[in-house]
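Letter by letter, the chains look like this.
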Amino acid sequence: MFFVLIIPTMLVLGAALLHLALHARSRLRGGHRPRLASPKPLALVSVAALSSAFLVFSYAEGTYSPGLWGDKTCMFTMGVRAHPESSSLFPLSTVCSGVEIVPAWVNPTLVTLTALAAATLVAVPFAYVVRRRTVSP
């Protein structure tokens, strides 16, 4: 699972961030300010946010989900060998002995990164149209 999903996602995230940094550097060297509201940076931000959300979800799901051995999950996080009372994928939740073991930052982070990815992805065609209208003679 790690090599199949996590490593490629980390490579995609790294490539998107590197490409975004190179784009900003080329804009700065050309005497221009970096613009986020053009199609290319918006698409790169969308890819970076979505891959970050996937990595956070994969980490949390792998660490706090009961999976095949639920008693091991409770033992690993709380020190109590018991099966989880409840668990769900969204919002990510696992309750062991009446205590929520998924950290409070996981679900808001997932929602924020996914919303950022969706907003920038929706903005790409609009930025493309605006750029075409302003650049074309």
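Residues numbered from 1 in each chain as written. Predicted model: local features only at pLDDT ≥ 70, side-chain atom pairs only at ≥ 80, totals over all residues. Heavy atoms only, no water.

### Here we look at the sheet that holds strand β3 (residues 99–100)
As a reminder of what qualifies: Note: two strands are recorded as paired if DSSP finds a minimum of 2 bridges between them. Helix and strand assignments follow DSSP, with helices taken as H or I runs no shorter than four residues and strands as E runs no shorter than two, numbered in order from the N terminus.
Taken in spatial order, the three strands of this open sheet run β1-β2-β3, and their pairing is antiparallel. Every interior strand has two partners, whereas the edge strands, β1 (86–88) and β3, have only one. Pairing between β1 and strand β2 (residues 93–96): three bridges, direction antiparallel. Its bridge partner lying in β2, Ser87 is registered against Thr94.

### What to know about the pairing of β2
In the case of a regular strand, side chains alternate between the two sheet surfaces. Applied cut-off: Each residue is placed in one exposure class: buried if its accessible area under a 1.4 Å probe, protein chains only, is under 20% of its type's maximum, exposed if it is over 50%, and partly exposed if it falls in between.
Residues of β2 alternate between two faces, with Ser93 and Val95 on one and Thr94 and Cys96 on the opposite face, all of them buried. The antiparallel pairing of β1 with β2 creates a hairpin that spans four residues between the two strands. Summarising the sheet, β2 and β3 pair through two bridges and their orientation is antiparallel. The residue bridging Cys96 from the neighbouring strand is Val99, located in β3. The antiparallel hairpin formed by β2 and β3 contains two residues in its connecting segment, where Ser97 sits at a positive phi of about 50 degrees.

### Description of helix α3 (residues 70–78)
Convention followed: Along the arc lie the directions from the helix axis toward the C-beta atoms. Only heavy atoms enter the contact rule, under which two residues are in contact if any of them lie within 4.5 Å.
Within α3, burial applies to Gly70, Asp71, Thr73 and Cys74. Down the axis, α3 shows its buried residues gathered within 155 degrees of arc, on one side only. Next to the buried residues of α3 lie α2 (39–64) and β2. Taken from the residues just after α3, Gly79 is the one with a positive phi, measuring 85 degrees.

### Quick word on the confidence of the model for the protein chain
To keep things clear, this is the line we draw: pLDDT is defined as a per-residue confidence score from the predictor, taking values between 0 and 100.
Of the residues in the protein chain, 93% reach a pLDDT of 70 or more, and the chain-wide mean stands at 87. The lowest-confidence element of the protein chain is α3, averaging 82 in pLDDT; the highest-confidence one is α2, averaging 92.

### A few points about the nonpolar core
The test is simple: Buried residues of nine kinds, namely Ala, Val, Leu, Ile, Met, Phe, Trp, Tyr and Cys, make up a nonpolar core once their side-chain atoms join them within 4.5 Å.
With 14 residues, the main nonpolar core has Ala60, Tyr64, Leu92, Val102, Val106 and Leu113 as its most contacted residues. Elements that contribute at least two residues to this core include exactly α2 and α4 (106–135). If one sorts the elements of this core by residue count, α2 sits on top with five residues. When residues no more than four places from it in sequence are discounted, the contact partners of Leu113 are Ala49, Ser52, Ala53 and Val56. One finds Ala16, Leu44, Ala48 and Leu55 within the second-largest nonpolar core, a separate group that totals six residues.

### Focus on unusual backbone geometry
As a rule of thumb, non-glycine residues mostly have phi less than zero, and peptide bonds are mostly trans rather than cis. Cis geometry is adopted by the peptide bond preceding Pro91, which originates at Phe90 and carries an omega value of -5 degrees. Looking at the secondary structure, you find Pro91 in the loop between β1 and β2. Of note, Ser97 is a non-glycine position whose phi angle comes to about 50 degrees, a positive value. One can find Ser97 in the loop between β2 and β3. Using a relative accessible area of 41% as the deciding quantity, one classes Ser97 as partly exposed.

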